[in-house]
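Examining the three-dimensional arrangement
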Amino acid sequence: MALQDGEGFSVTTDQKTFTGRGYAVGGTEVPSLVVENDSLSFNKFCLAMTSMASEMLDPDTQVIGGWVDEGKAYIEVSDVVRSKYVALELAKHRNEIAVYDFQTQSEVRNPDFVVGGATTKVELPARQTENQTA
């Protein structure tokens, strides 16, 4: 599994690679999977992907993403927003480690991330996530 080797991904509900632009911000209401990277089995991965795809609220503005950070594998549904500012504000309120920039294909660390901090749920209507601009 490429994920366990450190290769992240962002896919649509039909598990095709997301080809849009903007920034992915995790912390949606869909439960995520966070496990020790070495203990992520193929079956656990498949179950999580299927469950998350069925629970996505807006497939046009959400993706399922996965990455590894400090020995943990993260798989979660992320909102895709156009603005870096909006992405980092959501990350701050959701206490996300980072957001993903699709244009540069790199993560942008959340400077306000607090280890062990509580997450505040911030919801955006579908139209707001689509129409935000940088």
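Attention here is on the structure that accompanies the text.

Thresholds, definitions, all that
- Residues numbered from 1 in each chain as written.
- Predicted model: local features only at pLDDT ≥ 70, side-chain atom pairs only at ≥ 80, totals over all residues.
- Heavy atoms only, no water.
- Salt bridge = Lys/Arg side-chain N within 4 Å of Asp/Glu carboxyl O.
- Helix = DSSP H or I, 4+ residues; strand = E, 2+ residues; numbered from the N terminus.
- Buried < 20%, exposed > 50% of the residue type's maximum accessible area, 1.4 Å probe, protein only.
- 1 Å grid on protein atoms, 1.4 Å probe; cavity = no way out; pocket = protein on both sides within 12 Å on 5 of 7 lines; lining within 4 Å.
- Points joined across faces, edges and corners; volume = space filled by probe spheres on them.
- Nonpolar A, V, L, I, M, F, W, Y, C, P; charged D, E, K, R; others polar.
- Pairing = 2+ DSSP bridges.

**Structural notes on the pattern of salt bridges**
Under the definition given, this model contains four salt bridges. Among the salt bridges present, the one from Glu-36 reaches Lys-72, with a minimum N-O distance of 2.8 Å. Linking Glu-36 in strand S3 (residues 33–36) with Lys-72 in strand S5 (residues 72–81), this pair joins segments that are 36 residues apart in sequence. For Glu-36, a relative accessible area of 43% gives the class partly exposed.

**Quick word on the environment of Gly-116**
Mapped onto the secondary structure, Gly-116 falls in the loop between strand S7 (106–109) and helix H3 (126–131). Gly-116 sits 21 residues away from Asn-95 along the chain, and the two C-alpha atoms are 9.1 Å apart.

**Re the layout of surface pockets**
As a volume, the largest pocket reaches approximately 560 Å³. Lining the largest pocket are 25 residues; nearest its centre among them are Gly-8, Phe-9, Ser-10, Gly-66 and Tyr-100. At the level of elements, strand S1 (9–11), strand S4 (62–69), S5, strand S6 (98–101) and S7 are the ones that each hand at least two residues to the lining of the largest pocket. Here the lining of the largest pocket takes six residues from S4, the largest share from any one element. Among the residues making up the lining of the largest pocket, the classes are represented as 11 nonpolar, 10 polar and four charged.

**Some remarks on the pairing of S6**
Bridge analysis of strand S2 (residues 23–25) against S6 gives two bridges, and the strand direction is antiparallel. Residue pairing for S6: Ala-24 is matched across the bridge by Tyr-100. Two elements, S6 and S7, share four bridges in a ladder whose sense is antiparallel. Its bridge partner lying in S7, Val-99 is registered against Val-108. Between the end of S6 and the start of S7, which pair antiparallel, lie four residues, with Gln-105 showing a positive phi angle near 55 degrees.

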